[in-house]
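Below, each chain spelled out in residue letters.
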Amino acid sequence: MDRPATARGWVRSARGNKYVQFIHINDGSTIKNIQAVADTNKFDEETLKRAGATGACIEVKGILVQSQGKGQSIEILAEEITILGDCDPEEYPLQKRGQDSKDKKPVTLPLEFLREKAHLRTRTNTFGAIFRIRHHMSFAIHKFFNDRNFFNLHTPIITGSDAEGAGEMFRVTTLDLHNLPKTPEGKIDFEQDFFGKETNLTVSGQLEGELGAMGLGRIYTFGPTFRAENSNTPRHLAEFWMIEPEVAFYDINDNMNLAEDMLKYLVNYALSHCKDDLQFLNDTYDQELIARLESVVDRPFTRVSYTQGIEILLGAMTSRKFEYKPEWGKDLQKEHENYLVEHFNGPVFVTNYPKDIKAFYMKLNDDGTTVRAMDILFPWIGEIIGGSQREEDHDKLYRRVKEMEIPEESLWWYLETRKFGACEHSGFGLGFERLMLFVTGMTNIRDVIPFPRTPKNAEF
Ligand code: 4AD
Ligand code: MG
């Protein structure tokens, strides 16, 4: 067993006595630290002091041995210690603040405090765990689709259209804001802008994704999307990542099956590939986390129509007070989503929403009032996925574009695909950070993306 080894990383903590110093080092690869054991006779006091400072970056060369102590199976007997980067304990904001007097567990720093220290928070156990899980989830998404013969299509970040029609876009321009060029009518002359027209950051890769599916069959996008909605909630970001598959010849039921398979695959993947990190989050923040993850993978998701959903909510009003009265034709509120998830004790698909509360591209049902939409509501999260079968009939789609007063010139290419070999197709969007909330049990979306962008916040 004994063999020479080198450990490099950041010091998490150190303790010791006159004879020996134990230094816990972490290099980010796992939640587990490695313990370096330094014989105080071998090193000068100054080196031990610098190497024992929480946050310092050090290199320890020595012999890897079976550990004598409790809490770790191996440790490194230090022969050489190099300080790669000092860390002043007086100034380091992530200095451990002692132990909880009751259960002797180390005190975890408050998440709100760590949000202000986003440049350093990857050094903590919590954010190490979260961002490792984030990596594994990202990899698993590519694997899921690749294994099912989907192609990853890179859709543009800068666009001239508003896929969701909600008008929540960040403008992209190189015009001088202090000296805007004007047309003879006194309007801003966007012909002089970089792209010769108005452009913005994309809210969704879907429209271009559909173009991909009409040639490649099955595609998915996985990119950043941007929404200038002023929602300061624990579930909204101004910049978030979205996974959007789009599949030719799929109807709404195929689409639901794909979404359910994908979510179960991803949760299973986390359970089997992120055990230590999930256990840490379970023990530290949320004792029901792992049980909740296990509960979604082994049962079919419930499927109800929007109309059935409203009936259930109205029926619940005898025993449950809602702030907003459920009403056919209105969007489901967070409290309504929560109720449905509770009522069915697990994930719920809600389908066939009224056309007036959904985007223009969704396929109109024969009733003329509802569309073939599907949202998935998740325990803890609310809406995690939104999707639909797409309207492939040119004239019906065109009518919706007109009814909703969407500028036709920004979408002519989308409409044109309905003239040249259109077919039934469907897709959906999974908010990556909403998935991350579910998988990690975190309660604020700002804690599952390394550098969150929210109203009045783009610091790091
Ligand atoms: O329901 P949405 O708006 O659907 C679309 O964008 C479609 N184009 C998707 C498609 O059919 N290809 O957004 C999809 C998902 C939501 O269910 C939610 O999980 C997430 O994206 N999402 C957000 N996540 C974080 N912050 C925000 N502001 C979000 N807005 C939507
Ligand atoms: Mg939605």
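Residues numbered from 1 in each chain as written. Chains lettered and ligands numbered in written order. Predicted model: local features only at pLDDT ≥ 70, side-chain atom pairs only at ≥ 80, totals over all residues. Heavy atoms only, no water.

## Overview of unusual backbone geometry
Here is the rule we go by: Only DSSP runs of H or I reaching four residues or more are called helices, and only runs of E reaching two or more are called strands; each is numbered from the N terminus. Relative accessibility thresholds used throughout: buried, under 20% of the residue-type maximum; exposed, over 50%; partly exposed, between the two (1.4 Å probe, protein chains only).
One non-glycine residue, Phe-249, adopts positive backbone phi at about 70°. Looking at the secondary structure, you find Phe-249 in the loop between strand E11 (239-248) and helix H5 (252-273). The backbone of Glu-405 shows a phi angle near 55°, a positive value even though the residue is not glycine. Mapped onto the fold, Glu-405 is located in the loop between helix H10 (394-403) and helix H11 (412-416). Note on Glu-405: relative accessible area 72%, which makes it exposed.

## Regarding a nonpolar patch on the surface
Rule in force here: Each patch is assembled from residues with relative accessible area greater than 30% and no salt bridge, linking like charges that lie within 9 Å and nonpolar side chains (Val, Leu, Ile, Met, Phe, Trp, Tyr) that lie within 5 Å. Accessible surface area values rest on a Shrake-Rupley calculation with a 1.4 Å probe, where residue burial reflects the displayed protein chains alone. Whenever a carboxyl oxygen of Asp or Glu lies within 4 Å of a side-chain nitrogen of Lys or Arg, that contact is scored as a salt bridge.
There is a patch of nonpolar side chains on the surface, built from Ile-157, Ile-158, Phe-194 and Phe-195 and spanning about 390 Å² of accessible area. Take Phe-195: its relative accessible area is 42%, and that puts it in the partly exposed class.

## Re the site of ligand 1
So the rule is basically this: Put simply, a residue is near a molecule or strand once any heavy atom of it comes within 4 Å of that molecule or strand. Residues adjacent in sequence count toward polar contacts only when both atoms are side-chain atoms; beyond that, a polar contact is any pair of N or O atoms within 3.5 Å, and within protein one must be able to donate a hydrogen and the other to accept it. In this count, Pro and Cys sit with the nonpolar residues alongside Ala, Val, Leu, Ile, Met, Phe, Trp and Tyr, while Asp, Glu, Lys and Arg are called charged and the others, Gly among them, polar.
Neighbouring residues of ligand 1: 24 residues in total, closest Glu-164, Gln-206, Arg-227, Glu-244 and Glu-383. Arg-227 is positioned such that a nitrogen or oxygen atom in its side chain is 2.8 Å from an oxygen atom of ligand 1. At a separation of 2.8 Å, an oxygen atom of ligand 1 approaches a polar backbone atom of Ile-384. Look at ligand 1: alone it shows 620 Å² of surface, and the protein chains cover 93% of it. Those elements giving two or more residues to the shell around ligand 1 turn out to be E11, strand E15 (382-389) and strand E16 (425-431). Sorting elements by how many residues they give to the shell around ligand 1 places E15 first, with five residues. Split into classes, the residues belonging to the shell around ligand 1 amount to eight nonpolar, eight polar and eight charged.

## Describing the domain arrangement of the protein chain
Defined as follows: By convention here, the domain bounds are inherited from an automatic or database domain assignment. The contact criterion used is simple: two residues touch if any of their non-hydrogen atoms lie within 4.5 Å. Summed over both partners, the accessible area (1.4 Å probe) lost when two parts come together is defined as the buried area.
Each assigned domain of the protein chain is listed here: domain 1 (3-92) and domain 2 (126-168 + 203-447). Just the C-alpha atoms count here: the centres of domain 1 and domain 2 sit 46 Å apart. Listed per partner, the contact involves five residues of domain 1 and five residues of domain 2. Taken together, the two surfaces of domain 1 and domain 2 that pack against each other cover about 370 Å², and 54% of this comes from carbon and sulfur. By the criterion of area lost to domain 2, the three top residues of domain 1 are Gly-28, Ile-31 and Lys-32, representing 85% of everything that side buries. At the boundary of domain 1 with domain 2, the tally comes to one salt bridge.

## Points about the environment of Ala-78
Assignment of secondary structure puts Ala-78 in strand E5 (residues 74-85). Judged by its relative accessible area of 3%, Ala-78 is buried. Separated by 229 residues in sequence, Ala-78 and Thr-307 have C-alpha atoms that sit 68 Å apart. Residues in contact with Ala-78, not counting those within four places in the same chain, are Val-37, Ala-38, Lys-42, Phe-43, Val-60, Lys-61 and Gly-62.

## Focus on the sheet that holds strand E8 (residues 171-172)
The condition that has to hold: Here, any two strands with at least 2 DSSP bridges between them count as paired.
As summarised here, the arrangement of the three strands in space is E7-E9-E8, forming an open sheet in which the pairing is antiparallel. Across the chains shown, the open sheet's two edge strands, defined by having one partner strand only, are strand E7 (158-159) and E8. Both E7 and strand E9 (residues 199-201) contribute to a ladder of two bridges, which runs antiparallel. From the neighbouring strand, Ile-158 faces E9, where its bridge partner is Leu-201.

## Observations regarding the packing of aromatic side chains
To keep things clear, this is the line we draw: Working definition: a ring pair exists when centres of Phe, Tyr or Trp rings (six-membered ring for Trp) sit within 6.5 Å. Plane angles under 30 degrees give stacked, over 60 give edge-to-face, the rest tilted.
Taken as a whole and assessed by the stated rule, the structure comprises 18 aromatic pairs. Their ring planes at 90° and their centres at 5.9 Å tell us that Phe-322 and Tyr-339 sit as a pair that is edge-to-face. Taken as a pair, Phe-322 in the loop between helix H8 (306-316) and helix H9 (334-343) and Tyr-339 in helix H9 lie far apart in primary sequence, 17 residues in all. Accessibility classification places Phe-322 together with Tyr-339 in one group, the buried group. Pairing Phe-378 with Phe-438 gives two aromatic rings, centres 4.7 Å apart and planes at 75°, and the pair type is edge-to-face. With Phe-378 in strand E14 (residues 370-378) and Phe-438 in helix H12 (residues 432-440), this pair connects stretches of sequence that are 60 residues apart.

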